[in-house]
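Descriptive analysis of the structure
Given next are the chains, with one letter for each unit.
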Amino acid sequence: MRRTVFNEDHEAFRETIRAFIAAEVVPVYDEWFAAGQAPRDFYLKLGELGIFGIEVDEEYGGAGIDSHKYEAVIYEETARAGVSFGGSGVHTLLGLPYIKMLATGEQKKRWLPKFASGEEMWALAMTEPGTGSDVAGMKTTAKLSEDGTHYVLNGAKTFITGGVHADRVIVCARTAAPREDDRRFGISLFAVDTKSEGYSVGRKLDKLGLRVSDTAELAFVDVKVPVEDLMGEENKGFGYLGTNLASERWGIAFGAYAQAAAAVRFAKEYVQDRTVFGKTVASFQNTKFELAACQ
């Protein structure tokens, strides 16, 4: 059965992405794999191609298309070629929903043009060394200064995808203690400029999978975050996270499907006109053994 989810525009976009991957990614992917990350200037190429601006409103330099289907095409085409676009996936899949939902008009004017162009790459920092997936248990704090002009950020995050190259990170921090009846209360979100004094990137984590996606440890020591960079309302960050994590789950699910489809395709290509353990594939009676031996 032929699927009908993609139209002619999506298929034209697919051809563009497929050609871009062949020209700009495949020839150098082994170098990226060895380095454990894509080069920073590659993201500028993605911006020039228009990938980061698809869901950004036109007034900020984007295409203004409210759809994940183009992102789905990218998942399929990178999986098809056995490559990735580094840590750039979190830029659009995680960063953009928060900006669109929480940013004020002034913030959007400051952030979205450079977001769409790839001049400013975004990441999301939730996980901490001692809390893991228990978001409500985070210890990173952001205290409002006496003059009310900025917050002072202290703490650490780990397993932050895109954290090495990020220019701005949505940091989740406690602006108030949890309530006795609601430990989720007191978390706020901040769009932190990674060039801020006291902000540092620790280890770039070495991983078995997703090697080209840079993943880092982050540390904050008395980082001053202007009040203008608070996202949404103070102390309501947990709810914002719960709302937007669905987008991440969608990406994980579709990515898994795309990789599985690519794996089947790679296996079929491998067994055609090749030998396994010195015998031609055709000489095996057990098809399941053929595929197992070739993986």
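Computed from a predicted model, the values in this text were never measured in an experiment. Positions within a chain are numbered from 1, following the residues in the order the chain's sequence is written. Residues qualify for local features only when their pLDDT is at least 70, as the model is predicted, and side-chain atom pairs are given and counted only at 80 or more; totals for whole chains, interfaces and linings, by contrast, use all residues. Derived side-chain values reflect all non-hydrogen atoms in the structure, with water molecules and hydrogen atoms excluded from consideration.

**Looking at helix α6 (residues 105–117)**
Only DSSP runs of H or I covering at least 4 residues are called helices, and only runs of E covering at least 2 are called strands; the numbering of each starts at the N terminus. Here, expected helix span is obtained from the residue count minus one, scaled by 1.5 Å. Taking 1.5 Å per residue, 13 residues should reach 18 Å; α6 reaches 19 Å between its end C-alpha atoms and fits that length. The seven residues ending at a residue and the seven starting there each receive a fitted axis; the angle between those axes is the bend at that residue. For α6, the principal kink sits at W111 and spans about 35°; a proline, P113, occurs within the next four residues. Partly exposed describes any residue whose relative accessible area lies between the buried limit of under 20% and the exposed limit of over 50%, with all areas from a 1.4 Å probe on protein chains only and scaled to the type maximum. Residues of α6 that are buried include every one of Q107, K108, W111, L112, F115 and A116, and no others.

**Here we look at the packing of aromatic side chains**
Ring geometry is summarised as follows: Phe, Tyr and Trp rings, the Trp one being its six-membered ring, pair when their centres sit within 6.5 Å, and such pairs are stacked at plane angles under 30 degrees, edge-to-face over 60 and tilted between the two. By the definition in use, this model includes 15 aromatic pairs. On the numbers, 6.1 Å between centres and 90° between planes, the contact of F20 with F85 is edge-to-face. In this pair, F20 sits in helix α1 (residues 8–25) while F85 sits in the loop between α4 (69–81) and α5 (89–102), placing the two residues 65 residues apart along the sequence. The exposure classification of F20 matches that of F85, with both residues buried. Ring geometry for F254 against Y257: centres 5.1 Å apart, planes inclined by 70°, an arrangement best described as edge-to-face. Highlighted residues: F254 and Y257, both in helix α7 (residues 237–271), separated by three residues, approximately one helical turn. Members of the aromatic cluster, each reached through a chain of ring pairs, are F20, Y29, W32, F42, Y43 and F85.

**Observations regarding the pairing of strand β7 (residues 215–226)**
Strand pairing is defined by DSSP finding a minimum of two bridges between the two strands. The pairing of strand β3 (residues 150–161) with β7 spans nine bridges and is antiparallel. Of the residues in β7, the one forming a bridge with T161 is T215. When strand β6 (residues 199–204) meets β7, the two strands line up antiparallel, connected through four bridges. Bridged to Y199 within β7 is F220.

**With respect to the nonpolar core**
Within the largest apolar cluster, 27 residues are counted, with the highest numbers of intra-cluster contacts made by Y98, I99, W122, C172, L189 and M231. Elements with a contribution of two residues or more to this core: α5, α6, β1 (122–125), β4 (168–174), β5 (187–193) and α7. When residues of this core are assigned to their parent elements, the largest contribution, six residues, is made by α5. Those residues within four positions of C172 in sequence are excluded, and the remaining contacts are L124, A125, M126, M138, T140, K157, I187, S188, L189 and L241. Ranked by size, the runner-up nonpolar core spans 24 residues in total, among them I17, I21, L46 and V83. Definition of nonpolar core: a set of buried residues of the types Ala, Val, Leu, Ile, Met, Phe, Trp, Tyr and Cys, connected through side-chain atoms within 4.5 Å. Whether two residues touch is decided by their heavy atoms; if any such pair falls within 4.5 Å, the residues are in contact.

**What about the pattern of salt bridges?**
Opposite charge on two side chains makes pairing possible when the charged atoms of those side chains draw close. One side-chain nitrogen of Lys or Arg within 4 Å of one carboxyl oxygen of Asp or Glu is enough to make a salt bridge. This structure, assessed with the given rule, holds 19 salt bridges. Put simply, E120 and R168 hold a salt bridge, and the shortest N to O gap is 3.7 Å. One end of the pair, E120, is in the loop between α6 and β1; the other, R168, is in strand β4, with 48 residues separating them in the sequence. Residue classification places E120 among the buried residues on the basis of a relative accessible area of 12%. Residues K236 and E233 are paired through a salt bridge, measuring 3.2 Å at the closest nitrogen-oxygen approach.

**Observations regarding the environment of T194**
Turning to its location among the elements, T194 is positioned in the loop between β5 and β6. Take T194: its relative accessible area is 17%, and that puts it in the buried class. C-alpha separation for the pair T194 and G163, spaced 31 residues apart in sequence, amounts to 9.4 Å. Not counting the four nearest positions on each side in its chain, T194 is found in contact with A166, D167, R168, V169 and Y199. Polar contacts, as counted here, are pairs of nitrogen or oxygen atoms within 3.5 Å of one another; within protein the pair requires one atom able to donate a hydrogen and one able to accept it, and residues that are adjacent in sequence qualify only if both atoms are side-chain atoms. One polar contact links the side chain of T194 to the main-chain carbonyl oxygen of A166, over a distance of 3.0 Å.

**Description of a negative patch on the surface**
Together, D57, E58, E59 and D66 make up a negatively charged patch on the protein surface. Summarising the element assignment, E59 is placed in the loop between α3 (40–49) and α4. Here E59 falls in the exposed class, since its relative accessible area comes to 64%. For patch building, the residue pool is restricted to those with more than 30% relative accessible area and no salt bridge; the joining distance is 9 Å between like charges and 5 Å between nonpolar side chains (Val, Leu, Ile, Met, Phe, Trp, Tyr). Accessible surface is estimated by sampling points in the Shrake-Rupley manner with a 1.4 Å probe; for residues, cover comes only from the protein chains shown. His residues and chain termini do not enter the charge count, which takes Lys and Arg as positive and Asp and Glu as negative. The atom standing in for a charge is NZ when the residue is Lys, CZ when it is Arg, CG when it is Asp and CD when it is Glu.

**Considerations on the confidence of the model for the protein chain**
One number per residue, pLDDT, summarises how confident the predictor is, and it ranges from 0 to 100. Residue-level pLDDT values for the protein chain average 89, and 91% of them are 70 or greater. Below a pLDDT of 50 lies the segment residues 276–295, which in the model reaches 20 contacts outside its immediate sequence neighbourhood of four places, other chains included.

**Looking at α4**
Relative to the 18 Å expected for 13 residues at 1.5 Å per residue, α4 spans 19 Å between its end C-alpha atoms, a close match to the ideal helical length. Those residues of α4 that fall on the buried side of the exposure criterion are Y70, E71, A72, V73, I74, E76, E77, T78 and A79. Directly after α4, the chain includes G82, whose backbone phi takes a positive value near 70°.

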